Amino acid sequence: MTPTIEFESNDVVVLQAKLNARNSFGGKSQTTIEYILTSTGKERLINLGNGKSVVHAAKITVPDSLYYTPQFDSIVQKNILDLMDWY
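This write-up is about the structure you can find in this document. No experiment lies behind these values; they were computed from the predicted model shown.

All right, on to the sheet that holds strand β3 (residues 28–38) then. Spatial strand order, β1-β2-β3-β4: 4 strands in an open sheet with antiparallel pairing. The open sheet has two edge strands with one neighbour each: β1 (4–8) and β4 (43–47). Each strand of the sheet is rotated relative to its neighbour by a mean of 20 degrees, with strand direction disregarded.

In structure tokens form, the structure reads like this:
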């Protein structure tokens, strides 16, 4: 389990990690978790399973014309903060 930084700004950091474990039958199980921490101390741990992440959802709502512009990260950050309560 090595976490990766999926998004980082002055106010929000999002980490993802794949967890491997043995289930009660001795088989192997794997899941992906996402951890979101804000500068205000608000945090959220989400078991993604095979679902899409908050970062993915936050990015797909940004118009293509704003990719690679200075506004992109601030819009994604706002979207992450808005989506935290929905996941």
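The structure having been displayed, the exposition proceeds.
What follows is about the side chain of Ser53. Within the element layout of this structure, Ser53 appears in the loop between β4 and α1 (54–60). Reaching out from Ser53, the side chain makes a polar contact with the backbone nitrogen of His56 at a distance of 3.0 Å.

Take the packing of aromatic side chains next. Following the criterion strictly, the structure yields 2 aromatic pairs and no others. On the numbers, 6.3 Å between centres and 65 degrees between planes, the contact of Tyr67 with Tyr68 is edge-to-face. Its relative accessible area of 82% is what places Tyr68 among the exposed residues. Ring centres of Tyr67 and Phe72 lie 4.6 Å apart, and the angle between their planes is 45 degrees; on these two criteria the pair is classed as tilted. Following the ring pairs from residue to residue traces out a cluster consisting of Tyr67, Tyr68 and Phe72.

Calculation rules
- Each chain has its residues counted from 1, following the order in which its sequence is written.
- pLDDT decides what is reported in this predicted model: residues at 70 or higher carry local features, side-chain atom pairs at 80 or more are listed and counted, and totals for whole chains, interfaces and linings draw on all residues regardless.
- Note that water and hydrogens are dropped before the side-chain values are worked out from all heavy atoms of the structure.
- Two strands qualify as a pair provided that DSSP identifies no fewer than 2 bridges between them.
- Here a helix means four or more residues in a row that DSSP labels H or I, a strand means two or more in a row labelled E, and each is numbered from the N terminus.
- As a rule, the C-alpha atoms of each element are fitted with a line to give its axis, helices using only the stretch in contact, and angles between N-to-C directions run from 0 to 180 degrees.
- Polar contacts, as counted here, are pairs of nitrogen or oxygen atoms within 3.5 Å of one another; within protein the pair requires one atom able to donate a hydrogen and one able to accept it, and residues that are adjacent in sequence qualify only if both atoms are side-chain atoms.
- Paired rings are identified among Phe, Tyr and Trp, the last through its six-membered ring, by centres lying within 6.5 Å, and are further divided according to the angle between planes into stacked (under 30 degrees), edge-to-face (over 60) and tilted (the rest).
- Buried means the residue's accessible area, taken with a 1.4 Å probe over protein chains only, is under 20% of the maximum for its type, while exposed means over 50%, and partly exposed covers the values in between.

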